[in-house]
Every structure is written in C-alpha cells, then in structure tokens.
Amino acid sequence: MISTVAPPADQPSILLFRNDLRLRDNKAFAAAVASGRPVLPLLVFDEVSERVRPRGAASSWWLHKSIVSLKGS
C-alpha cells in the first residue's frame, strides 16, 4: 500500500544524481525544490563494482568540473 501522508516539512527530499549533474531542465530537481522541503543532493561515486569501467582522464576531468559547477549552484 502506498502512503498518501506527506512527510514532515523539515524532512529533506533526497535527490540522487546518476549521470546527469545538471540542475537546469532537471525534472527531479524541480520537483524536489517545489516540495518546499530541504534538498539533499546525493552522488554515489563507485569505482569498484564489477560492472563499472575505469574512468579515463577526460571523463574524470568532466566529472570533477561538473561536481564543482554543481557545488557552486
């Protein structure tokens, strides 16, 4: 059964970032902000799981710059 009771206003909305770290045109981010609750962004950086390919220099550079940009936003 799905609960229809809204969580307390001080309970954060957890926003899981996967591959797309943009805030602009991000429907999940817009919904989290619209809830009026604090937003807790979460990015899981996994380099050890079996299905994860090692990151090359270019993708590591892109990820670093994207995280810095996200942090500034």
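Scope of this entry: the structure provided in the associated data block. Nothing here was measured: the structure is a model prediction, and the numbers come from that model.

### Observations regarding the overall build of the chain
Tallying secondary structure elements over the chain gives 2 helices and 2 strands in all. Taken along the three principal axes of its C-alpha coordinates, the chain extends 45 × 30 × 20 Å. Residue burial in the chain is summarised as follows: out of 73 residues, 12% are buried. The contacts of the chain with a sequence gap of at least 6 include a subset with a gap of at least 24, amounting to 71%.

### Concerning a nonpolar patch on the surface
Side chains of Ile14, Leu16, Leu40, Leu42 and Val44 sit close together on the surface and give an oily, nonpolar patch of about 480 Å² of accessible area. Listed by contribution, the elements that provide at least two residues to the nonpolar patch are strand S1 (13-17) and strand S2 (39-43). Relative to the assigned elements, Ile14 resides in strand S1. Ile14 gets classed as exposed once you look at its relative accessible area, which sits at 59%.

### A look at the nonpolar core
Within the largest apolar cluster, 5 residues are counted, these being Leu15, Phe17, Leu21, Leu63 and Leu70. The residues contacting Phe17, other than those within four sequence positions of it, are Arg22, Leu23, Asn26, Pro41, Leu42, Leu43, Val44 and Leu70.

### Side note on helix H1 (residues 27-34)
Here H1 starts with a cap whose side-chain oxygen sits 3.1 Å from the backbone nitrogen of Ala28, and that cap is Asn26. A positive phi of about 80 degrees marks Gly36, the residue just after H1.

### Focus on the environment of Ala32
Structurally, the position occupied by Ala32 is in helix H1. Taking relative accessible area as the criterion, Ala32 reaches 8% and is therefore assigned buried. On a C-alpha basis, the gap between Ala32 and Glu50 in space is 31 Å, while along the polypeptide they are 18 residues apart. Leave out the neighbours within four places in its chain, and Ala32 touches Ser13, Arg37 and Val39.

Rules used in this analysis
- Residues numbered from 1 in each chain as written.
- Predicted model: local features only at pLDDT ≥ 70, side-chain atom pairs only at ≥ 80, totals over all residues.
- Heavy atoms only, no water.
- Helix = DSSP H or I, 4+ residues; strand = E, 2+ residues; numbered from the N terminus.
- Buried < 20%, exposed > 50% of the residue type's maximum accessible area, 1.4 Å probe, protein only.
- Contact = heavy atoms within 4.5 Å.
- Patch = residues over 30% accessible without salt bridge, like charges linked within 9 Å, V, L, I, M, F, W, Y side chains within 5 Å.
- Areas by Shrake-Rupley, 256 points an atom, 1.4 Å probe, with all protein chains shown as cover.
- Salt bridge = Lys/Arg side-chain N within 4 Å of Asp/Glu carboxyl O.
- Core = buried A, V, L, I, M, F, W, Y, C linked by side-chain atoms within 4.5 Å.
- Polar contact = N/O pair within 3.5 Å; in protein donor to acceptor, adjacent residues only side chain to side chain.

Interpretation note: all reported values are geometric properties and have no functional meaning in isolation.
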